[in-house]
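So you can see what is in the structure, the chains are spelled out below.
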Amino acid sequence: MILTVFKLLGCIALLMYGMKVMSEALQKMAGPGLRHILGAMTTNRFTGVLTGMLVCVAVQSSAATTVMAVSFVNAALLTLSQAISVIMGANIGTTLSAWIMSAGFSFNITNLVWPVFLVAVVLIQFRKHRYLGDFLFGLSFMFFALGTLNATGHEMDLAHNEGVVNFFASFDSGNYLTILLFILIGGLLTMMAQSSAALMAITMVLCTSGVLTIYQGIALVMGENIGTTITANIAALSANTQARRAALAHLVFNVVGVLWMLAVFYPFVNAACHLVGVDPHADTQSAARLSFVLATFHTMFNVTNTAILIWFIPQLEKLVSKLIPQKAGDEGFKLQYIQSGIMKTPEIAVLQAQKETELFADRMRQMFADVRELYAITDAEAFAKKAARIKEMEEMSDRLESEIGSYLAQVGNAHLSDDTKRKVRALLREVSELESIGDSLFNLSRTMERKLGQKAAFTADQEKGIADMFSLLDKAMENMELVLKGEGEHEVSQQLENQIDSLRNSLRAKNTEDVDEGVYSFAVGTIFIDLVRECEKCGDYVINVVEAKMGKRDNEQETGSLQLDLSQKTASVDGVALDLTKTEFELLNLLSSNPGRIFSRSELLDLVWPKDVIVGERVVDVNIRRIRAKLGSEANHIRTRAGYGYYYE
């Protein structure tokens, strides 16, 4: 008996694993398409429901779809009302899983999964169609688990176990207290298992074994509908107010559905049984048809609940807004879009990091505005106050780089596509360059502090030169923000960068001439040229952000000798080609694209090596040694952080 119980639990575990693999593979195949659908097809409540239903059918997980909707609310890409309609649609889409399980309980499909397993493994090994292979692999696991679960249910022969039968028979199915109790049990078990699919499978086993009456089984299904909402609510705990409201709306929607269903419970269940051709009061029941009764009820309940409550979305939105009020300072100066608790898929995670990076850029432009104001301040007290704010913003930029970088490192723990890996690398470089902008702006403020302390007075030409430099830098940062949002042009940034370089050269030449002619002192000239150089340096960081976003970058590294051709995936030092493997090139590219950023060995494994290649951290050390040997005199740019990882200096 103990062996049979473990076999049952193992089948449930296989079922959950199979559905997880299948769901993740579908999400990877859909990729950005899911984001496009959710963002573009929610123009009204009806298209929102349709969108939620289609996405849920596509990814085979209502929890994943709901968490997606909550994530989009958190990222301000969906309104609360749009998210509620998507969640309603997801409740309909998830009923497909019950029908798939019903099919698994109706006939023995275990023998059919072996050829599918074979095809799946072949596709995974060929890699070109590995996501399709992952999907078939998960589907095979799911059907294998269902077939084994069905067989285990018959093997347990619970219908002839007097103790089990008497226990469930002690509950009067015609009593509402019994129905309420089973709803509570179904909800609690689903909350603990975090999988309504697993509980649905157990319910089908108990019903088809003759242990549970159809009324008790359906009461469990109703409880599972409530219990499954816990996933999104847990995910939203660390999210913003609107995201928490969206998750709560899912719970309220399902609870309201269960409440009105209780008023018409027996007639509604009898109608579902009638559609399948089952008499709920008969002494003997067809096991195959009982599983279809559960699937039929599940679909009828969710479709009817959505059809009723879709007209009350505004009222539902007001209710959850009252239950979760906006707290003072809730949307304050902090990460707005990244919430580690709701990272469900790499696509959503990259989107959240991208939105956070856009906000990072906006904050750096605000910091530049403060620096420009600081330059015009002559009162020592007012200057100190503004300078302190700039220092706080520089420290904030350090934290932002660290937190966004850490979040992207978590993304690396997932099975990433090549496209997503490129996005992660680009974002890592973007946040690194944005942090450098913060450092540069802080350096400008310190130079201005020297100017004020030494009472250095600039000539009219110097003031005009600084004003022109500030103006160009402001335009460059404005276009950088547009590029990050997908609206700017790389050519504009390049033109502004050339203008900044040209202005720096002319101002430097004029400064040398004026100092030599005694127009102003060497000390004043030094402060002036330090401001000019720092502005030009800040402009370099701005163009670096743009190039990282556009998939472009300067061939010349900081050493001036290392060159990388990203299109051909080749590298050279002083024009001499390096014989790098693909892995060595990707590793060198990642390090050199993020100068100063320390990567742990595990991070490098996640970002460079495919997930289906099983290697240890030692392989990172081996590849670094090979790269250093091939770099020759440039090898010292790759530094080691003892016991941790590597960085490019």
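Below is a summary of the structure that appears in this document.

1. Here's the deal with the overall build of the protein
A tally of regular secondary structure across the protein gives 26 helices and six strands. Of all 649 residues assigned to the protein, the portion counted as buried reaches 54%. Summed over all atoms, the accessible surface of the protein reaches about 28,200 Å², with 59% contributed by carbon and sulfur.

2. Some remarks on the sheet that holds strand 2 (residues 570-573)
Pairing between sheet strands relies on hydrogen bonds along the backbone, with the strands arranged either parallel or antiparallel. Ordered by their spatial adjacency, three strands build an open sheet running 1-2-3, and the pairing between neighbours is antiparallel. Every other strand in the sheet has two partners, leaving strand 1 (562-565) and strand 3 (576-578) as the edge strands with one partner each. Pairs of neighbouring strands in the sheet enclose a mean axial angle of 30°, with direction left out of account. This element, helix 24 (residues 582-593), spans strand 1 and strand 2 of the sheet and lies at about 115° to strand 1.

3. Digging into the packing of aromatic side chains
Applying the stated rule across the entire model yields eleven aromatic pairs. Measuring from ring centre to ring centre gives 5.5 Å for Phe 46 and Trp 311, while their planes differ by 70°; the resulting arrangement is edge-to-face. A residue pair is termed long-range when its members are at least 10 positions apart, and Phe 46 in helix 3 (residues 45-59) and Trp 311 in the loop between helix 16 (287-309) and helix 17 (313-323) qualify at 265 residues. The partly exposed category is assigned to Phe 46, whose relative accessible area is 45%. Seen from their ring centres, Phe 268 and Phe 297 are 5.9 Å apart, and the 90° between their planes marks the pair as edge-to-face. Within this pair, whereas Phe 268 is found in helix 15 (residues 265-276), its partner Phe 297 is found in helix 16, the two being separated by 29 residues in sequence. An aromatic cluster of three or more residues is present, and its members are Trp 260, Phe 268, Phe 297 and Phe 301.

4. Quick notes on the pattern of salt bridges
The tally for this structure, following the rule as stated, stands at 15 salt bridges. A salt bridge links Arg 425 to Glu 586, with the nearest nitrogen and oxygen atoms 2.2 Å apart. Here Arg 425 is found in helix 20 (residues 418-453), whereas its partner Glu 586 is found in helix 24, with 161 residues between them in sequence. Residue Arg 425 is classed as buried on the basis of its relative accessible area of 13%. In the salt-bridge network here, residues are joined through shared partners; they are Asp 370, Glu 373, Lys 386 and Arg 389.

Procedures and definitions
Residues numbered from 1 in each chain as written. Predicted model: local features only at pLDDT ≥ 70, side-chain atom pairs only at ≥ 80, totals over all residues. Heavy atoms only, no water. Helix = DSSP H or I, 4+ residues; strand = E, 2+ residues; numbered from the N terminus. Buried < 20%, exposed > 50% of the residue type's maximum accessible area, 1.4 Å probe, protein only. Areas by Shrake-Rupley, 256 points an atom, 1.4 Å probe, with all protein chains shown as cover. Pairing = 2+ DSSP bridges. Axes fitted to C-alpha atoms, helices over the stretch in contact; angles between N-to-C directions. Contact = heavy atoms within 4.5 Å. Phe/Tyr/Trp six-rings, centres within 6.5 Å; stacked < 30°, edge-to-face > 60°. Salt bridge = Lys/Arg side-chain N within 4 Å of Asp/Glu carboxyl O.

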